[in-house]
Amino acid sequence: MTIGFRILNCDIKVDLDVAKKFLDLPVANVSDSMWRMSAGGRRLRPYHKSGQMAGPALTVKARSGDNLMLHKAIDMAEPGDIIVCDGGGDLTNSLMGELMLAHAVKRRVGGFVLDGAVRDVEAFLAVNLPVFAAGVSHRGPYKDGPGEINVPIALDGMVIEPGDLVIGDWDGVLAVPYGEVPGALARTQAKQDAEVEQMAQIKAGTSDRSWVDATLRERGCEMP
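Just so it is clear, the structure is predicted and the values come from calculations on it, not from any experiment.

Novice: Describe the overall build of the chain, listing the residues and the values that go with them.
Specialist: From N to C terminus, the chain includes seven helices and 12 strands. On the principal axes, the C-alpha backbone points of the chain span a range of 65 × 35 × 35 Å. Taken across its 224 residues, the chain has 43% of its residues classed as buried. Restricting the contact set of the chain to residue pairs at least 6 apart, pairs at least 24 apart contribute 77%. When the accessible surface of the chain is totalled, it reaches about 11,900 Å², and 53% of it is carbon and sulfur. Averaging the positions of the 24 positive and the 30 negative side-chain charges in the chain gives two centres separated by 3 Å.

Given below as structure tokens:
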């Protein structure tokens, strides 16, 4: 097997129906349920107009500024897959534009996470497929390779295995390891339910704020 030019199978991946349950949960709450230990990096920002993203990862490792394997990943994608591309964070050349976006929509791709640049930004806003990228460049990509598909990748220290859950909203992108998805879902739903109750108490003026002073006193804070 040739490292640098290889396409592997994805043996297991999170069920799309399970992934969709995360569409109603803030990424911040999922992150809290995972002890705030993982993140896709602050440079990954949304380039669609609105909406959340959740689905199984189809991973791509690409040479900076080259989108040959990204094209192949779109051709391979199953409906709902999130194509996650480690492009090294390079913004010199875009990895994807309007034509590839149209092909991805036709293939029913669930979204993109690109540690690289996009172009034709107005098209991304109009189509509104969830797309997170590191920036914008009008300069087009190369199409020579090398690259790899369905290999482990890392974005700003966040490891993503093929088939892991990938979610995103306006606070950023997060990967949940395949085996951790059920537990993360249960913990996040419990946190979300608690926050709904807390918001109701705030609106009713019955929220208990005694914990603030209690914490300050516990830490020896000098107060009037």
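Novice: Residues and numbers for the pattern of salt bridges, please.
Specialist: What the rule picks out here adds up to 10 salt bridges. Across the pair R36 and D32 runs a salt bridge whose closest N-O atoms are separated by 2.9 Å. The exposure class assigned to R36 is exposed, which follows from its relative accessible area of 58%. Taking the shortest distance from any N to any O, the salt bridge between K191 and E195 comes out at 3.3 Å. Here the residue K191 and the residue E195 both occupy positions in helix α6 (residues 181-204), the gap between them amounting to four residues, near one helical turn. Given the relative accessible area of 32%, E195 is considered partly exposed. Each of D32, R36, K191 and E195 takes part in a single network of salt bridges with overlapping partners.

Novice: Give me the lowdown on the environment of L8, citing residues and values where you can.
Specialist: Within the secondary structure, L8 sits in the loop between β1 (5-7) and α1 (16-20). The class for L8 is partly exposed, based on a relative accessible area of 23%. For the pair L8 and P162, spaced 154 residues apart in the sequence, the C-alpha separation amounts to 9.6 Å.

Novice: Requested: an account of the side chain of N29, with residues and values cited.
Specialist: Within the fold, N29 resides in helix α2 (residues 27-33). For N29, a relative accessible area of 4% corresponds to the buried category. Within the local environment of N29, its side chain forms a polar contact with the side chain of E195, the two groups lying 3.3 Å apart. Not counting the four nearest positions on each side in its chain, N29 is found in contact with T188, K191, Q192 and E195.

Novice: For the nonpolar core, give the residues involved together with the corresponding values.
Specialist: With 30 residues, the main nonpolar core has F22, V84, V113, I160, L165, V166 and I167 as its most contacted residues. Of all the elements, strand β12 (residues 172-176) adds the most residues to this core, at four residues. If near-sequence neighbours (up to four positions away) are discounted, L165 is found in contact with V14, A19, F22, G55, L174, A175, V176 and V181. Core analysis: the next-biggest nonpolar cluster, separate from the first, contains 25 residues, M69, L95, L101 and V109 among them.

Novice: Describe α6, with residues and values.
Specialist: Compared with an ideal rise of 1.5 Å per residue, which puts 24 residues at 34 Å, α6 spans 34 Å between its outermost C-alpha atoms and is within 8% of the ideal. Regarding α6, the residues found buried are V181, A184, L185, T188 and Q192. Here the buried face of α6 lies against α1, α2, β11 (165-169) and β12. Count one or two residues on from α6 and you reach G205, which has phi positive near 75°.

Calculation rules
- Residues numbered from 1 in each chain as written.
- Predicted model: local features only at pLDDT ≥ 70, side-chain atom pairs only at ≥ 80, totals over all residues.
- Heavy atoms only, no water.
- Helix = DSSP H or I, 4+ residues; strand = E, 2+ residues; numbered from the N terminus.
- Buried < 20%, exposed > 50% of the residue type's maximum accessible area, 1.4 Å probe, protein only.
- Contact = heavy atoms within 4.5 Å.
- Areas by Shrake-Rupley, 256 points an atom, 1.4 Å probe, with all protein chains shown as cover.
- Lys, Arg positive; Asp, Glu negative; His and termini not counted.
- Charge placed at Lys NZ, Arg CZ, Asp CG, Glu CD.
- Salt bridge = Lys/Arg side-chain N within 4 Å of Asp/Glu carboxyl O.
- Polar contact = N/O pair within 3.5 Å; in protein donor to acceptor, adjacent residues only side chain to side chain.
- Core = buried A, V, L, I, M, F, W, Y, C linked by side-chain atoms within 4.5 Å.
- Expected span 1.5 Å × (residues − 1).

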